[in-house]
Amino acid sequence: MTICSKVKNVFSKKSPYPPEPSIGTWDVGLFSCFRSVSKTVLALCCPCYLFGKLAEATERDCCCYGFLCLTPASCYVQAIIRQDVRVEQEISGSIWGDFLTVLCCPWCSLVQEAREIQEID
């Protein structure tokens, strides 16, 4: 038996541990925000309203978070709400990924979260 076949046997054996439960993904892509024109227009024209509604859907204060959307801390606060949506919908990811998504494309991330929750019209 050669070394290559031994290595192949080691990696081809099944794990004795049960597989990890599958974690979901976003139902809509980040850049598919134009498929929901009303939410996209709302995110562009009045992001504080949409952000407040997202906060309300994750059981946070609508007015407080809507106001925080207008402050310099908005990226950080929006990343926290995005994390709440991910946890509620059982979507894999991290707070750092959420923060970078919000930092690079805040309006598309707002629309993606709103479409994921589906409670905001």
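For the structure itself, consult the block above.
Residues numbered from 1 in each chain as written. Predicted model: local features only at pLDDT ≥ 70, side-chain atom pairs only at ≥ 80, totals over all residues. Heavy atoms only, no water.

1. Remarks on the overall build of the protein chain
Stated precisely, the cut-off is as follows: Secondary structure elements are taken from DSSP: a helix is a run of H or I of four residues or more, a strand is a run of E of two residues or more, and numbering for both begins at the N terminus. Buried residues are those whose accessible area, probed at 1.4 Å on protein chains only, stays under 20% of the maximum for their type, while exposed residues exceed 50% and partly exposed ones sit between those limits. Working rule for contacts: check all heavy atoms of both residues, and any pair within 4.5 Å makes them a contact. Here the accessible surface of atoms and residues is derived via Shrake-Rupley with a 1.4 Å probe, and residues count as covered only by protein chains that are part of the display.
A count of helices and strands for the protein chain gives seven helices and zero strands. Its helices and strands in sequence order give the protein chain the pattern α-α-α-α-α-α-α, from N to C terminus. Looking at the protein chain as a whole, 36% of its 121 residues qualify as buried. Taking contacts inside the protein chain between residues at least 6 apart in sequence as the whole, the part at least 24 apart equals 64%. Carbon and sulfur atoms make up 63% of the accessible area of the protein chain, which totals about 8100 Å².

2. As for helix 3 (residues 47-57)
Buried within helix 3 are the following residues: L50, F51, G52, L54, A55 and A57. Residues of helix 3 that are buried make contact with helix 2 (37-45), helix 4 (62-68), helix 5 (74-89) and helix 7 (106-117). Looking one or two residues past helix 3, E59 carries a phi angle of roughly 65°, positive in sign.

3. Things to note about helix 7
Put simply, the rule reads: A helix is expected to span 1.5 Å for every residue after the first.
For helix 7, spanning twelve residues, the distance from its first C-alpha to its last is 17 Å, which sits close to the expected 16 Å at 1.5 Å a residue. In terms of residue burial, helix 7 counts as a mostly covered element, since ten of its twelve residues are buried. For helix 7, the full list of buried residues reads C108, S109, L110, V111, Q112, E113, A114, R115, E116 and I117. The secondary structure elements touched by the buried residues of helix 7 are helix 2, helix 3, helix 5 and helix 6 (95-104). Q118 lies just past helix 7 and shows a positive phi near 65°.

4. Details of the nonpolar core
Short version of the rule: Think of a nonpolar core as a cluster: buried Ala, Val, Leu, Ile, Met, Phe, Trp, Tyr and Cys residues, connected wherever their side-chain atoms sit within 4.5 Å.
Residues F51, L54, Y65, I81 and L110 are the most contacted members of the largest nonpolar core, which totals 20 residues. Residue assignment for this core shows that the elements contributing at least two residues are helix 3, helix 5 and helix 7. Dropping the residues within four chain positions of it, Y65 is found in contact with F51, A55, R60, V77 and I81.

5. Some details on unusual backbone geometry
You will see that E59, though not glycine, has its phi angle at about 65°, which is positive. With respect to the secondary-structure elements, E59 resides in the loop between helix 3 and helix 4. Residue class for E59 comes out exposed when judged on its relative accessible area of 77%. One non-glycine residue, E90, lies in positive phi territory at about 55°. Within the element layout of this structure, E90 appears in the loop between helix 5 and helix 6.

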